[in-house]
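Residue-level structural notes
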Amino acid sequence: MDYEKLTTVMRTLALEAGAKIMEIYDADDFEVKTKSDESPVTAADEAADALISGGLRTAFPDVLLVTEEQAATHEESAATFLIVDPLDGTKEFINRRGDFTVNIALVENGTPTRGVVYAPARDRMFYTLEDGSSVEELGPFGETAGELKPIRVAASDNSALMVVASKSHRDQATDDYIGKYAVKDMKSAGSSLKFCLVATGEADLYPRVGRTMEWDTAAGHAVLQGAGGKVVRFDDLSPLVYGKEGYANPFFIAYAPAVDLKEA
């Protein structure tokens, strides 16, 4: 893989998709449809998906592309693949809460190694560089990259942890697990931004006790990994791997390695 080209292509497509999403987000009204799994989908999901998938297939025609909005791709598999969630946080988008993201990632041998997470309504963009390290690009975002700020996980204080959890999917099981830690404060965030808050050191721990798919997590996982963080399965604390059948994830924990991780 040409990582330099990949970084440029992922960044450009994320920005273009973000602009298209915001065009629809800022409109007076937009249609919300329901997919076969009862999850919502909007014109923004579909427009962003068409833009990103077209761009990736042109740039990397020999690499398998898996994208949330194209069910046929969920039946395919390869050791190396690109995986896309064109609009993660559709509920946040519909409710105009702003915490939605564009997610593009590369998975190699079960691990997300490169990725971009762009939150167009928040003007925040995080991605991996050619060498796999992670940065936050500080806007305004232009055709070429602006100021890049290297990001790194926190040197966590286990007596005063910052925990980030989902806005839309908090439940008792999540709260029970968080209760095992000495928590200084809690943040809530939507979509893959939670991974990025751990990556920047704004949070120490993100437990997810709930259903996710690989396209929801791969880009954020890559950004967190490039910042020194880890993502493990909730049940046995083994590394979360990708390319699973159906691309469904088990429950997981994303964290800074200085956190004294508790058993589920």
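Reading the values: rules and limits
- Residues numbered from 1 in each chain as written.
- Predicted model: local features only at pLDDT ≥ 70, side-chain atom pairs only at ≥ 80, totals over all residues.
- Heavy atoms only, no water.
- Helix = DSSP H or I, 4+ residues; strand = E, 2+ residues; numbered from the N terminus.
- Rg over C-alpha atoms; globule rule 2.2 N^0.38 Å.
- Buried < 20%, exposed > 50% of the residue type's maximum accessible area, 1.4 Å probe, protein only.
- Contact = heavy atoms within 4.5 Å.
- Pairing = 2+ DSSP bridges.
- Axes fitted to C-alpha atoms, helices over the stretch in contact; angles between N-to-C directions.
- Patch = residues over 30% accessible without salt bridge, like charges linked within 9 Å, V, L, I, M, F, W, Y side chains within 5 Å.
- Areas by Shrake-Rupley, 256 points an atom, 1.4 Å probe, with all protein chains shown as cover.
- Salt bridge = Lys/Arg side-chain N within 4 Å of Asp/Glu carboxyl O.
- Lys, Arg positive; Asp, Glu negative; His and termini not counted.
- Charge placed at Lys NZ, Arg CZ, Asp CG, Glu CD.
- Polar contact = N/O pair within 3.5 Å; in protein donor to acceptor, adjacent residues only side chain to side chain.
- Core = buried A, V, L, I, M, F, W, Y, C linked by side-chain atoms within 4.5 Å.

**Concerning the overall build of the chain**
Secondary structure summary: the chain contains six helices and 16 strands in total. Over its C-alpha atoms the chain spans a radius of gyration of 17 Å, differing by no more than 12% from the 18 Å that the globule rule assigns to 264 residues. Reported as C-alpha extents along the three principal axes, the dimensions of the chain are approximately 50 × 40 × 40 Å. Relative to its 264 residues, the chain shows a buried fraction of 55%. In the chain, the share of contacts with a sequence separation of at least 24, taken over all contacts with a separation of at least 6, comes to 62%.

**With respect to the sheet that holds strand β6 (residues 111–119)**
Taken in spatial order, the seven strands of this open sheet run β3-β4-β5-β6-β7-β8-β9, and their pairing is mixed. Looking at the sheet topology across the chains shown, the edges are occupied by β3 (64–67) and β9 (147–150). Across this sheet, the average inter-strand angle for adjacent strands is 20°, counted without regard to direction. For strand β4 (residues 80–88) and strand β5 (residues 101–108), the ladder comprises seven bridges, and the chain directions are antiparallel. From the neighbouring strand, D88 faces β5, where its bridge partner is T101.

**Some remarks on the pairing of β3**
Because side chains alternate across β3, one face comprises the buried residues L64 and V66, and the other comprises L65 and T67, equally buried. Alignment of β3 against β4, held across four bridges, turns out to be parallel. Its bridge partner lying in β4, V66 is registered against I83.

**Observations regarding a negative patch on the surface**
Taken together, D2, E4, E130 and D131 make up a surface patch of like negative charges. Here D131 lies in the loop between β7 (124–128) and β8 (134–138). Judged by relative accessible area, which is 60%, D131 ranks as exposed.

**Some remarks on the pattern of salt bridges**
This structure, assessed with the given rule, holds ten salt bridges. For the salt bridge of R124 with E202, the shortest nitrogen-to-oxygen distance reads 2.9 Å. Pair noted here: R124 is in strand β7 and E202 is in the loop between α5 (193–199) and β12 (205–208), with a separation of 78 residues, a long-range link. Across the salt bridge formed by K244 and E214, the nearest N and O atoms sit 2.9 Å from each other. One end of the pair, K244, is in the loop between β14 (230–233) and β15 (248–249); the other, E214, is in helix α6 (residues 214–226), and 30 residues separate them in sequence. Looking at K244, the relative accessible area reads 18%, which means it is buried.

**Focus: the side chain of D99**
Checked against the element boundaries, D99 lands in the loop between α3 (90–94) and β5. The class for D99 is buried, based on a relative accessible area of 5%. In this structure the side chain of D99 is engaged in a polar contact, spanning 2.7 Å, whose partner is the side chain of R122.

**Considerations on the nonpolar core**
Within the largest apolar cluster, 49 residues are counted, with the highest numbers of intra-cluster contacts made by F81, I83, L205, L224, I253, V259 and L261. Ranked by residues supplied to this core, first place goes to α5 with six residues. The residues contacting L224, other than those within four sequence positions of it, are V153, F195, V198, A199, G229, K230, V231, A254 and Y255. Core analysis: the next-biggest nonpolar cluster, separate from the first, contains 32 residues, A59, V102, V116 and V135 among them.

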